[in-house]
Amino acid sequence: MDPSASSAPAAAPPPTQPSQDNQHGTKRQLDEQINTDAGAKRPRTDAQDAVPDAPSNANGGVVTESNGVAESARQLAAESKQNESVKEVQAKTIVDAPVAETRGLPKGTAPIKQEYLVKVANRIVEADGAVDDDAAEAKTTDSRDRGGDAGGDKKKKRKGLNEKRDFGRSQDAKGLCYSRATFNENSPGECRFERDGKRCNVHHNIREYLAEGRRPDLEVFSGQCPIYEVSGDCPMGWKCLFVKSHSEEVTHEDGTKELVLLKDPSRKKTIIPGEESFPGTVNNVPTQRKIELSRKKYDFSKSQAYVQWLEKDSEIMQKIFNSKQAEGVSKTHDQKVQEYRAAFIEPPLKPAEKRRVYFGRETPVLAPLTTQGNLPFRRLCVEMGAGLTYSEMAVGLHVLQGQKHEWALLKAHESETRPPRFENPSAAPSGYDNSRDLKFAAQIAANQPWVALKTTQALVESLPHLRLIDINCGCPIDMVFKSGAGSALLDAPAKLERMIRGMNTVSGEVPITCKLRLGVRDGKPTAQKTIERLAFGESETSNAMGAPGCAAITLHGRSRQQRYRSDADWGYIANCAAMIQQYKKEKAALTDTVRAPDDSTLPNGGKMFFIGNGDCYSHVDYFDHIDNARVDTVMIARGALIKPWIFEEIEKGQYLDKSASERLSYIEKFSRYGIECWGSDEMGIGATRKFLLEYLSFTHRYVPIGLLEHLPPKINDRPPAYRGRDDLETLLASNNFKDWIKISEMFLGPAPDGFKFEPKHKSNAYEVEAEG
Ligand SMILES: Cc1cc2nc3c(=O)[nH]c(=O)nc-3n(C[C@H](O)[C@H](O)[C@H](O)COP(=O)(O)O)c2cc1C
Ligand SMILES: [Zn+2]
Ligand SMILES: [Zn+2]
């Protein structure tokens, strides 16, 4: 009955009440367990049920007043904190609960209990805020953006995708010169801009800047600078919007006054040696390295030598395989293979011994997520129990151009540098050393072997904290696809194989992996063949060169064309998993001998891991896929965005009915981590707000499980308009971005004049044009 029961590591004790009638007893227990939550304790009144007079939000979902919401929400947060209790609802009880239909609403509607539905004249209001995950997967025009690859072909622009999003500008009215920003008033640095008759047009007088150049300090976080709190030294200096908490005016003996910045070394947490910049941030690459790259001064001779060899090798192969015998008779496959082997030239370099990796039941994986998978979000997920993390997809060409924004995607939090959990040594490859392992992996996009190789070389030589490098073979976005990268590689397996071979050769001890989709088109899956090829190499080359060296493969169970319209195909994923298991068992007896590569070339000590991905929304889905589809672990994307505590659910093997105040505390954490990562000045707060709003565009989709008639919750179900158990829960469910801005103001202060935010999908168009 309960797929999680056998696998749940820590199932809650069974409910104490005996159930007389199985169905009804279970239902009653369910209600009693869930309904003890904060707001539900208060009996609902008739007036509350008759909602028509409430300001009904046209977008469905929720009814809130925008004005003054921040203040009242803060009170609400405090109020519901008093009642705070995280409900640990035993999965078993809930899965057995009777299914009550949500009357008259379309399939795919979340089964919300009657008492929480917003009714107008007794009619349930259907929410119209359709979600568009395809739009979300495309990039935004953010400050770290790599330039408009969000939509691609102008003629075929998708309806509703808001491509040219503008967040306004987050900057001081009149800035402060860097020669003053981090110095005490009487000991300024030298202005490097005011030279040779040029003028530096920003403030040089700290008092004037504080009075006129910028807005007053923020009052959020009790006015205490989040960066100073953890490091005792705020690199934002006078530009920090919490500067009062780390500055003072001192009076000298001669009576003169001076504004000074404070430092408190006792607050400094251990910082990883060689990593300065913002507290807890690693993989900070010196500007000099990016300049070398942008000026094409970086030494890529290693990659170049291999690329030249690859080109020569492909030429030989092409020639032999296109050739006919003198009489014009086609050669047999075996003849061609023989000929290729005779002409084979050894490559200039061999892959170095790799650090072994491990993926298991105890390491749920946070997916690579463009825009959303930023450092603060990953930090939050790691805290919640994410076992492994990936960077946002970094575009190889932009890395090679030394683009600052692209390199910024590869920074990680120190919590991601710690080893993942490891509880099953028998499933690990020989030589796996957990103490040398870490959580953070990089994902890159490349359309040509030379881009993949050089990017890999630059990454491993510049970033000390990398678990592995994953090549993206799934990105569906037009611009990426048309350039030959992302999901286009699904149709170019020979190129993909060469890329992975080459990446392995230049990646030192860092393993290489890849992330696939089923295929490009619906109904024509190619993943199985590609997996086979990546495990062993193409038959012509494998005997000469061994396996390509892919340490792990992740498969997202959808095609490019399918996008998010229908469910991930876990049956197909299971077939691939079975095929890989079979390979492992029968390695020795494997098909023809040509295909059995030399053991020493097999990746990861002969153990290629296989990770499934798609629609995982609870511990029940997670363990079901591990136990039944037999994947090594599951990668989670939208499930983590909507409810980051999915990782905690997996760890505990239980559904968690998080109270609204607890959910708000995660938003607060994100804000704090955002400031620590991007800075506490106007720009850093602006970046934090922008990414917080992107995050809130997912969190509002969470329907508290205590409001559901039955479980399991489904990721693609949409709720009809409903109200939460308290006003804060109602606010958190709002799909109106104006409410999201109000929520951001609770932790980041008022949005500055001119701040704009438009959600990624402007209209509610849900229909997606078939692509590809
Ligand atoms: C907002 C968003 C951004 C994404 N960005 C990436 C990315 O950069 N690289 C990648 O390989 N997949 C990306 N994906 C795809 C996910 O990693 C994942 O394969 C997909 O969402 C299916 O998993 P899910 O059903 O758990 O959401 C993205 C998905 C979303 C929703
Ligand atoms: Zn100046
Ligand atoms: Zn500060």
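Bear in mind the structure is a predicted one, so any value in this text is a computation, not a measurement.

A.B. asks: Help me understand the packing of helix α18 (residues 527-536) against helix α20 (residues 570-585) in this model?
C.D. replies: Between α18 and α20, whose axes approach to 10 Å, the crossing angle comes to 25 degrees. The angle between α18 and α20 falls in the class roughly parallel. As for how α18 packs across α20, the hand of that crossing is right-handed. Here Ala 527, Gln 528, Ile 531 and Ala 535 of α18 lie close against α20, whose contacting residues are Asn 575, Cys 576, Met 579, Ile 580 and Tyr 583.

A.B. asks: What is the right way to read the confidence of the model for the protein chain from this model?
C.D. replies: Low-pLDDT stretches of the model should not have their predicted coordinates read in fine detail. Taken as a whole, the protein chain shows an average pLDDT of 81; of its residues, 75% reach a score of 70 or greater. Low pLDDT, under 50, characterises residues 82-101; the predicted model gives this stretch 67 contacts beyond four residues in sequence or across chains. Here residues 140-163 scores under 50 on pLDDT; set against residues more than four positions off or in separate chains, the count is 58 contacts.

A.B. asks: It is not clear to me how the nonpolar core should be interpreted in this structure. Could you clarify?
C.D. replies: Among soluble globular proteins, nonpolar side chains are generally buried collectively. Within the largest apolar cluster, 169 residues are counted, with the highest numbers of intra-cluster contacts made by Ile 553 and Ile 636. Once residues lying within four places of it in the same chain are set aside, the contact partners of Ile 553 are Thr 513, Cys 514, Leu 516, Ile 531, Leu 534, Met 608 and Phe 610.

A.B. asks: What exactly am I supposed to notice about the sheet that holds strand β13 (residues 550-556) here?
C.D. replies: Reading across from one edge, β7-β15-β14-β13-β12-β11-β10-β8 is the order of the eight strands in this open sheet, with parallel pairing throughout. What marks the edges here is a single partner per strand, and that holds for β7 (365-366) and β8 (389-395). Strands in contact with helix α17 (residues 493-506) are β11 (469-473), β12 (512-517) and β13; relative to β11, the strand with the most contacts, it is inclined by about 165 degrees. Relative to the sheet, α18 contacts β12 and β13, its axis offset from that of β13 by approximately 170 degrees.

A.B. asks: What am I meant to see in the site of ligand 1 here?
C.D. replies: Surveying the vicinity of ligand 1 reveals 25 residues, the closest of which are Ala 367, Thr 370, Met 393, Ala 637 and Arg 638. Of all the secondary structure elements, the ones that give two or more residues to the shell around ligand 1 are α5 (133-137), β8 and α22 (638-642). The dominant element in the shell around ligand 1, judged by the number of residues it contributes, is α5, at three residues. Here the shell around ligand 1 is composed, by residue class, of 10 nonpolar, nine polar and six charged.

A.B. asks: What exactly am I supposed to notice about unusual backbone geometry here?
C.D. replies: Backbone phi values are negative for most residues with the exception of glycine, while trans is the configuration of most peptide bonds. A cis amide bond links Leu 711 to the next residue, Pro 712, at an omega of 0 degrees. As for its placement among the helices and strands, Pro 712 is situated in the loop between α25 (682-699) and α26 (727-732). Backbone geometry places Phe 221, a non-glycine residue, at a positive phi of 50 degrees. Relative to the elements of secondary structure, Phe 221 occurs in the loop between α7 (206-213) and α8 (226-231). Taking the number of C-beta atoms within 10 Å as the measure of exposure, Phe 221 has 19 and is therefore partly exposed. Unusually for a residue other than glycine, Arg 563 sits at a positive phi of about 50 degrees. Turning to its location among the elements, Arg 563 is positioned in the loop between β13 and α20. For Arg 563, a count of 19 C-beta atoms within 10 Å puts it in the partly exposed group.

A.B. asks: Got a minute to help me understand α18 in this structure?
C.D. replies: Note: α-helices contain 3.6 residues per turn, so residues at a spacing of three or four share the same orientation. Extensive coverage of α18 is indicated by the burial of seven of its 10 residues. Within α18, the full set of buried residues consists of Ala 527, Thr 530, Ile 531, Arg 533, Leu 534, Ala 535 and Phe 536. Downstream of α18 by one or two residues, Gly 537 has phi in the positive range, about 95 degrees.

A.B. asks: Looking at this structure, how should I read helix α27 (residues 737-748)?
C.D. replies: Across its 12 residues, α27 extends 16 Å between first and last C-alpha, which sits within 8% of the 16 Å expected from 1.5 Å per residue. Along α27, the positions that sit buried rather than exposed are Asp 739, Trp 740, Ile 741, Lys 742, Ile 743, Ser 744, Phe 747 and Leu 748. Following α27 by one or two positions, Gly 749 adopts a phi angle in the positive range, close to 75 degrees.

Cut-off values and rules
- For every chain, the first residue of its written sequence is number 1, and the numbers climb from 1 along that sequence.
- Chains carry letters from A onward and ligands carry numbers from 1 onward, assigned in written order.
- In keeping with the model being predicted, local features are shown solely for residues with a pLDDT of at least 70 and side-chain atom pairs are shown and tallied solely at 80 or more, while totals for entire chains, interfaces and linings include all residues.
- To get an axis, a line is fitted to the C-alpha atoms, and for a helix only the part in contact is used. The angle between two axes follows their N-to-C directions and goes from 0 to 180 degrees.
- The secondary structure listing takes helices from DSSP runs of H or I that are at least 4 residues long and strands from runs of E that are at least 2 residues long, numbered from the N terminus.
- Working rule for angles: under 35 degrees goes down as roughly parallel, over 145 as roughly antiparallel, 65 to 115 as roughly perpendicular, anything else as oblique.
- Each helix crossing is assigned a hand: it is left-handed if the near helix lies turned anticlockwise from the far helix by less than a right angle, otherwise right-handed if that turn is clockwise.
- Contacts here follow a simple rule: the backbone-placed C-beta atoms of the two residues must lie within 7 Å.
- Residue-level confidence of the predictor, termed pLDDT, takes values from 0 up to 100.
- Think of a nonpolar core as buried Ala, Val, Leu, Ile, Met, Phe, Trp, Tyr and Cys residues, each tied to the set through C-beta atoms within 7 Å.
- Exposed residues have 12 or fewer other C-beta atoms within 10 Å of their own C-beta, buried residues have 20 or more, and residues in between are partly exposed; the C-beta atoms are placed from the backbone.
- Two strands are said to pair when DSSP picks up at least two bridges between them.
- Residue proximity rests on one test: whether the C-beta atom, placed from the backbone, lies within 6 Å of the molecule or strand.
- When residues are grouped by polarity, Ala, Val, Leu, Ile, Met, Phe, Trp, Tyr, Cys and Pro land in nonpolar, Asp, Glu, Lys and Arg in charged, and all others, Gly among them, in polar.
- By this rule, a helix spans an expected 1.5 Å times one less than how many residues it contains.

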